[in-house]
Amino acid sequence: MAVPTSTTLLKMENIPNKGRGLIAAQDLKAGQIILTESPLLLYSASPLFSPSPSPYCHHCFRTLPPSQIFSCPSCSNYLFCSQKCLSIALNSSHSSWTCQTLSHLQNPASPLSEKPSQLQLQARFIVAAYNLAIRTPSDLQALLSLHSIPNDDESDAIVYASKFIHSLISPFCPPHMNFSPQLAAKLIAIERANSFCLMEPYSPNGPQRSIKAYGIYQRTTICNHDCIPNACRFDYVETGEPGDEHNTDIVLRLIKDVSAGSEICISYFRINKDYSTRKRILMEDFGFVCECDRCKIEANWNEGENKDSDLPHVIFLSKFVCDKVNCAGTLAPLPPKDGEKCNVLECNFCGNLKVDSTT
Ligand SMILES: C[S@@+](CC[C@H](N)C(=O)[O-])C[C@H]1O[C@@H](n2cnc3c(N)ncnc32)[C@H](O)[C@@H]1O
């Protein structure tokens, strides 16, 4: 299959009614790191016509330092936290082609300036994907091998967006690349099903969780959804030295023990959402009806019912939802040490550490 899975820990298999999925290739322990992956593609969540400039480095997405900021020498619109990030970006995500194309799209006279943020972000994504294709055609093939959502209600919107965006970008496209509105439409449909959000740093004062960047991780994205997941993903974007790469890697860690042959699933959103919200998001954004054990039970609940029950999923939620103010991230044990399970849980959003007194 086109997507490489990792090591001896995981294998990729077709799962009935779910497409491909990740399966434990051996017995695995709670807290174990089963996958660490760098993004295939990463792009800013700041719309092209944002009222304020993004406060994040356009390469590593760490918060920009108050002084010593480096800007792209050609467009000066794009800011970086270090000379190293700038140099890497000029040879990758902010190549001269990207710089020229984004400068054109971000011209105040551009028809995009009047368009909604979603379309501006789709344009950002298409530029990033075309840039990937120009630089490394095999990476475009990797992107195209990912699942896309055939959502009839939205296909008109995708066709419109892809034609509009492609018409703005095509004057800059190398003719031999054969980019087309059809390719742009396929890429937008893939992006919807596969992008992971890198979140702004946690703040107890809210107002709500915002996204700083979107990333596509070609192996992690093979993980299917479950409303009671056995794994969750961590990122440590703000950590490490400026210019030190890998801070945008995603780490997949197990919440509980998983036996060989079982499917590894994450939740595609915060796990404390109620049944009707989960059902709506999974259908609108991912095109499926969840048949997990929790959904089967909660489908028959009246609002507020059974929350205090001793059902396994109610116990799971009370143990693994972070209770810090304005957080509700997912807790997972720290990795085992010397083969022994760790009784400290880490939140994948606020980073809070909590001793698990139940083990
Ligand atoms: C990010 S992809 C996951 C990998 C995908 N199964 C594949 O074959 O590449 C998301 C898509 O997987 C499928 N999927 C994920 N979790 C599912 C579940 N619990 N039940 C049914 N389909 C699921 C849906 O089609 C969803 O749009």
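Residues numbered from 1 in each chain as written. Predicted model: local features only at pLDDT ≥ 70, side-chain atom pairs only at ≥ 80, totals over all residues.

- Where an unreviewed UniProt entry is consulted, the protein appears under the name SET domain-containing protein, with the organism given as Pisum sativum.

Some points on the overall build of the protein
- On a plain count of helices and strands, the protein comes out with nine helices and 15 strands.
- In terms of overall dimensions, the protein is globule-like: its C-alpha atoms have a radius of gyration of 21 Å, near the 21 Å expected for 359 residues.
- Its C-alpha atoms give the protein principal-axis dimensions of roughly 60 × 45 × 40 Å.
- Long-range pairs, those at least 24 residues apart, make up 66% of the contacts in the protein with a sequence separation of at least 6. (Helix = DSSP H or I, 4+ residues; strand = E, 2+ residues; numbered from the N terminus. Rg over C-alpha atoms; globule rule 2.2 N^0.38 Å. Contact = placed C-beta atoms within 7 Å.)

Here's the deal with the domain arrangement of the protein
- By the assigned domains, the protein splits into domain 1 (10–38 + 217–355) and domain 2 (41–196).
- For domain 1 versus domain 2, the separation of C-alpha centres amounts to 29 Å.
- Contacts between the two partners involve 14 residues from domain 1 and, on the opposite side, 19 residues from domain 2.
- Residues belonging to the side of domain 1 that touches domain 2 are distributed by class as follows: five nonpolar, seven polar and two charged. (Domains from an automatic or database assignment. Nonpolar A, V, L, I, M, F, W, Y, C, P; charged D, E, K, R; others polar.)

Brief notes about the site of the ligand
- Around the ligand, a shell composed of 18 residues is seen, among which Gly19, Arg20, His147, Asn224 and Phe286 lie nearest.
- Sorting the residues of the shell around the ligand by element identifies β2 (19–24), α6 (181–194) and β9 (224–225) as the ones contributing at least two each.
- Sort the elements by how many residues they give to the shell around the ligand and β2 lands first, with three residues.
- Here the shell around the ligand is built from residues that sort into six nonpolar, nine polar and three charged. (Near = placed C-beta within 6 Å.)

With respect to unusual backbone geometry
- Of note in this structure, asparagine 17 is not a glycine but carries a positive phi near 65°.
- The backbone phi angle of histidine 246 is positive, close to 80°, even though this residue is not glycine.
- Along the chain, histidine 246 turns up in the loop between β10 (231–235) and β11 (250–254).

Quick word on the sheet that holds strand β13 (residues 331–333)
- Strand order in the open sheet made by the three strands is β13-β14-β15, with antiparallel pairing throughout. A strand with exactly one partner marks an edge of an open sheet, and here the two such strands are β13 and β15 (353–355). Strand after strand, the sheet turns through a mean of 35° between neighbouring axes, direction not considered.
- Direction of pairing for strand β14 (residues 344–347) relative to β15: antiparallel, over a ladder of three bridges. Pairing of glutamate 346 across the sheet is with leucine 353, part of β15. (Pairing = 2+ DSSP bridges. Axes fitted to C-alpha atoms, helices over the stretch in contact; angles between N-to-C directions.)

Things to note about the confidence of the model for the protein
- In this model, the protein carries an average pLDDT of 92, and 95% of its residues clear a pLDDT of 70 or more.
- Scoring the predicted complex yields pTM 0.94 and, for the interface, ipTM 1.00. (pLDDT = per-residue confidence, 0-100.)

Regarding the environment of alanine 24
- Structurally, the position occupied by alanine 24 is in strand β2.
- Residue classification places alanine 24 among the buried residues on the basis of 22 C-beta atoms within 10 Å.
- Each C-alpha atom, one on alanine 24 and one on glycine 339, is 18 Å from the other, the two residues being 315 residues apart in sequence.
- In this structure alanine 24 touches Leu10, Val258, Ser259, Ala260, Gly261, Ser262 and Ile264, once residues within four positions along its chain are discounted. (Buried ≥ 20, exposed ≤ 12 C-beta atoms within 10 Å, placed from the backbone.)

Section: the nonpolar core
- Judged by nonpolar contacts, the single largest core of 74 residues is most densely connected at Leu41, Ile126, Ala129, Leu143, Ala231 and Ile264.
- Both of domain 1 (10–38 + 217–355) and domain 2 (41–196) provide at least three residues apiece to this core.
- The residues touching leucine 143, leaving out its near neighbours within four places in the chain, are Leu40, Leu41, Ala129, Leu132, Leu187, Ile190 and Ile216. (Core = buried A, V, L, I, M, F, W, Y, C linked by C-beta atoms within 7 Å.)

Observations concerning helix α7 (residues 275–286)
- The first and last C-alpha atoms of α7 sit 16 Å apart over 12 residues, in line with the 16 Å expected at 1.5 Å per residue.
- Where α7 terminates, the next one or two residues include glycine 287, which has phi positive at roughly 75°. (Expected span 1.5 Å × (residues − 1).)

Re the packing of helix α2 (residues 96–105) against helix α3 (residues 117–135)
- It is at 10 Å that the axes of α2 and α3 come closest, and there the two elements cross at 160°. Comparing the axis directions of α2 and α3 gives the class roughly antiparallel. Note on packing geometry: the crossing formed by α2 with α3 is right-handed. Two secondary-structure elements touch here, α2 through Trp97, Thr98, Thr101, Leu102 and Leu105 and α3 through Ala123, Val127, Asn131 and Ile134. (Parallel < 35°, antiparallel > 145°, perpendicular 65-115°, else oblique. Left-handed = near helix turned anticlockwise from the far one by under 90°.)

Focus: the pairing of strand β12 (residues 263–266)
- Relative to β12, β2 runs antiparallel, the two sharing two bridges. Within β12, the position partnered with isoleucine 23 by the bridge is glutamate 263.
- Pairing geometry for β9 and β12, over two bridges, is parallel. Across the sheet, asparagine 224 pairs through a bridge with cysteine 265, a residue of β12.

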